[in-house]
Amino acid sequence: MGDAAFVGKGSCGRYCQYMIHIDESAPQVSAVRLAFPAHRYRQEEIVAEFTAMCLPGEHPGREVFARFGRTTGVQTRNLALPLDRYAKLSGFTEANDAFIEVAQELGEAALREALDAAGVRPDEVDLIATTSVTGLAVPSLDARLAARVGLRPDVKRLPLFGLGCVAGAAGVARLHDYLRSFPDQVAVLLAVELCSLTVQQQDTTPANLVASSLFGDGAAAVVMVGGQRATAQPGRPRVLATRSRLYPDTEQVMGWRIGSTGFQIVLSNEVAPIAERFLGGDVRGFLADHDVDETDVATWICHPGGPKVIDTIEKILDLPPEALQPTRRSLAGRGNLSSVSVLDVLHEAMAAPPREDQPGLMIAMGPGFCSELVLLGW
């Protein structure tokens, strides 16, 4: 990228060698806002209730489930419904109806707050992308919310489904692509995930128990503007570059089996090993293509897939413990929010940005199995 200059010690705790060149034509993240259900519980409360629901009677796996719940790094989570309601859900239809109702409520709140924070009127939005992998809605959430929020009748809509945990970073990347072509426009991303509504009653598989212990509920909205509309303001990074990566023969690592009982999770123990095998090289190669070294990255915005995945990323990139503390805080306070989580970490990064001209990197992984990398510049 040129324009190299020594700038001293970055927030990553090591010496950053380069002050990156900020492309003034690059799209800018103007605001990120989140919304959460009012039902908030301690991890031990949720694990106890879901243990009774998934492992009835004197099932021998109860203690294993409870012990795993204590090792996830999760302390509290927000749930779409009151905790005692889950065992009373009659099936997929009732759970999905609850998804549509709560998703609209949270999505509208997050979107309105993000637009207000960005100083953008709803009728100025040219494209809205929505993503969720925890419920089905046709018409999609963007169509259901357009009139309620005040979007124009000619707003472009881009519903995304199937990306799962990677969708927060992938959504930002796709908004970047669009705004590169239309630099005078405004695009928004709305991510809503109600993971608790996918928990399978009396499902004793390890994957269902892991999901019951790890995932939480919430929504996030991102407002981005093209380079011609961007203004230099603290905390508002430019999206400089993106990269998508699919890994071979990994389709069964993560995903859903969708059937009569709804969304049955597919989750293997290969996530951390795949990250250890591929992610380090992918990150270093991507950064090198933009004249950035991993030691130059001041802000790491990583999806909190789980404690093993976080530890693996820290190890393969040789990061100091403080680099991924925002990711660990998100996991502890919210649980894994699927596509919303990395946007929660981005929100914290924008509230306490690095010094000017410092790079940040967004990383997420998800079904496919795949990763998405987004290079940011403050």
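Residues numbered from 1 in each chain as written. Predicted model: local features only at pLDDT ≥ 70, side-chain atom pairs only at ≥ 80, totals over all residues. Heavy atoms only, no water.

The protein chain carries the name Polyketide synthase-like Pks10 in an unreviewed UniProt entry, which gives Catellatospora methionotrophica as its organism.

Draft legend 1. Structural context of the nonpolar core. Core analysis: the largest hydrophobic core is formed by 50 residues, its most contacted members being Phe50, Tyr86, Leu115, Val125, Leu194, Leu197 and Val223. Looking at this core, the elements that each hand over two or more residues are strand E1 (28-35), helix H1 (43-54), helix H3 (92-118), helix H4 (141-149), strand E6 (186-194) and strand E7 (217-225). Here this core gets 12 residues from one element, more than from any other, and that element is H3. With sequence-adjacent residues up to four places away left out, leucine 115 is seen in contact with Val120, Pro122, Val125, Val149, Val188 and Val223. If you look at the next biggest cluster of nonpolar residues, it comprises 43 residues, including Ile20, Met254, Leu287 and Leu319. (Core = buried A, V, L, I, M, F, W, Y, C linked by side-chain atoms within 4.5 Å. Buried < 20%, exposed > 50% of the residue type's maximum accessible area, 1.4 Å probe, protein only. Helix = DSSP H or I, 4+ residues; strand = E, 2+ residues; numbered from the N terminus. Contact = heavy atoms within 4.5 Å.)

Draft legend 2. Representation of the pairing of strand E5 (residues 156-160). Sheet topology places strand E4 (residues 127-131) next to E5; five bridges connect them, and they run parallel. Paired with threonine 131 across the strands is leucine 160, a residue of E5. Assessed by its sense of winding, the connection that carries the chain from E4 through H4 to E5 is right-handed. (Pairing = 2+ DSSP bridges. Right-handed = clockwise from strand over helix to strand, strands pointing away.)

Draft legend 3. Just the UniProt feature "domain: Chalcone/stilbene synthase C-terminal" (unreviewed entry) in the protein chain, in detail. When the UniProt feature table is mapped to this numbering, "domain: Chalcone/stilbene synthase C-terminal" (unreviewed entry) covers residues 244-376. Helix makes up 37% of residues 244-376 and strand makes up 26%, while its end C-alpha atoms are separated by 15 Å. (UniProt positions renumbered as here; feature names shortened; annotations may be inferred.)

Draft legend 4. Local environment of the packing of H1 against helix H6 (residues 206-214). At a closest axis distance of 9 Å, the pairing of H1 and H6 adopts a crossing angle of 150 degrees. If you check the angle between H1 and H6, you find them roughly antiparallel. Of the two elements, H1 crosses H6, and the hand of that crossing is right-handed. Residues Gln43, Ile46, Val47, Phe50 and Cys54 of H1 touch H6, and the partners they reach there are Asn208, Leu209, Ser212 and Ser213. Looking at side-chain class alone, the contact of H1 with H6 contains five nonpolar, four polar and no charged residues. (Axes fitted to C-alpha atoms, helices over the stretch in contact; angles between N-to-C directions. Parallel < 35°, antiparallel > 145°, perpendicular 65-115°, else oblique. Left-handed = near helix turned anticlockwise from the far one by under 90°. Nonpolar A, V, L, I, M, F, W, Y, C, P; charged D, E, K, R; others polar.)

Draft legend 5. Representation of the packing of aromatic side chains within the structure. Applying the stated criterion across every chain yields a total of six aromatic pairs. Here the aromatic residues Phe92, Trp256 and Phe263 are joined through ring pairs into a cluster of three or more. Lysine 156 extends its terminal NZ or CZ atom over the ring of phenylalanine 182, reaching a point 5.9 Å from the ring centre. (Phe/Tyr/Trp six-rings, centres within 6.5 Å; stacked < 30°, edge-to-face > 60°. Lys NZ or Arg CZ within 6 Å of the ring centre and 35° of its normal.)

Draft legend 6. Broad picture of H6. The buried fraction of H6 amounts to seven of the nine residues, a majority that puts the element mostly inside the structure. Regarding H6, the residues found buried are Ala207, Asn208, Leu209, Ala211, Ser212, Ser213 and Leu214. Buried residues in H6 make contact with H1, helix H2 (62-69), strand E3 (76-79), strand E10 (262-267) and helix H9 (325-334).

Draft legend 7. How the structure looks around the UniProt feature "active site" (unreviewed entry) in the protein chain. Mapped onto this numbering, the UniProt entry annotates "active site" (unreviewed entry) at Cys165. Among the secondary structure elements, cysteine 165 is positioned in the loop between E5 and helix H5 (167-181). Not counting chain neighbours up to four residues away, the residues in contact with cysteine 165 comprise Phe215, His303, Asn336, Ser338, Ser339, Ala364, Met365, Gly366 and Pro367.

Draft legend 8. Quick look at the pairing of strand E11 (residues 299-302). Along E11, one buried face is formed by Thr299 and Ile301 and the opposite face, lined by Trp300 and Cys302, is buried too. Both E11 and strand E12 (residues 359-366) contribute to a ladder of four bridges, which runs parallel. The residue of E12 that forms the bridge with cysteine 302 is isoleucine 363.

Draft legend 9. Representation of a nonpolar patch on the surface. Residues Leu136, Phe161 and Ile258 make up a contiguous nonpolar surface patch of about 280 Å² in total accessible area. Assignment of secondary structure puts isoleucine 258 in strand E9 (residues 254-259). (Patch = residues over 30% accessible without salt bridge, like charges linked within 9 Å, V, L, I, M, F, W, Y side chains within 5 Å. Areas by Shrake-Rupley, 256 points an atom, 1.4 Å probe, with all protein chains shown as cover. Salt bridge = Lys/Arg side-chain N within 4 Å of Asp/Glu carboxyl O.)

Draft legend 10. Structural context of the pattern of salt bridges. Under the defined criterion, the tally for this structure stands at 23 salt bridges. Among the ionic pairs, arginine 42 bridges to glutamate 44, the shortest N-O distance being 3.1 Å. Residue classification places arginine 42 among the partly exposed positions, given a relative accessible area of 46%. Relative accessible area serves as the criterion here: at 49%, glutamate 44 is assigned to the partly exposed category. With a closest N to O distance of 2.8 Å, aspartate 177 and arginine 174 form a salt bridge. With aspartate 177 and arginine 174 both in helix H5, this residue pair falls three residues apart, about one helical turn.

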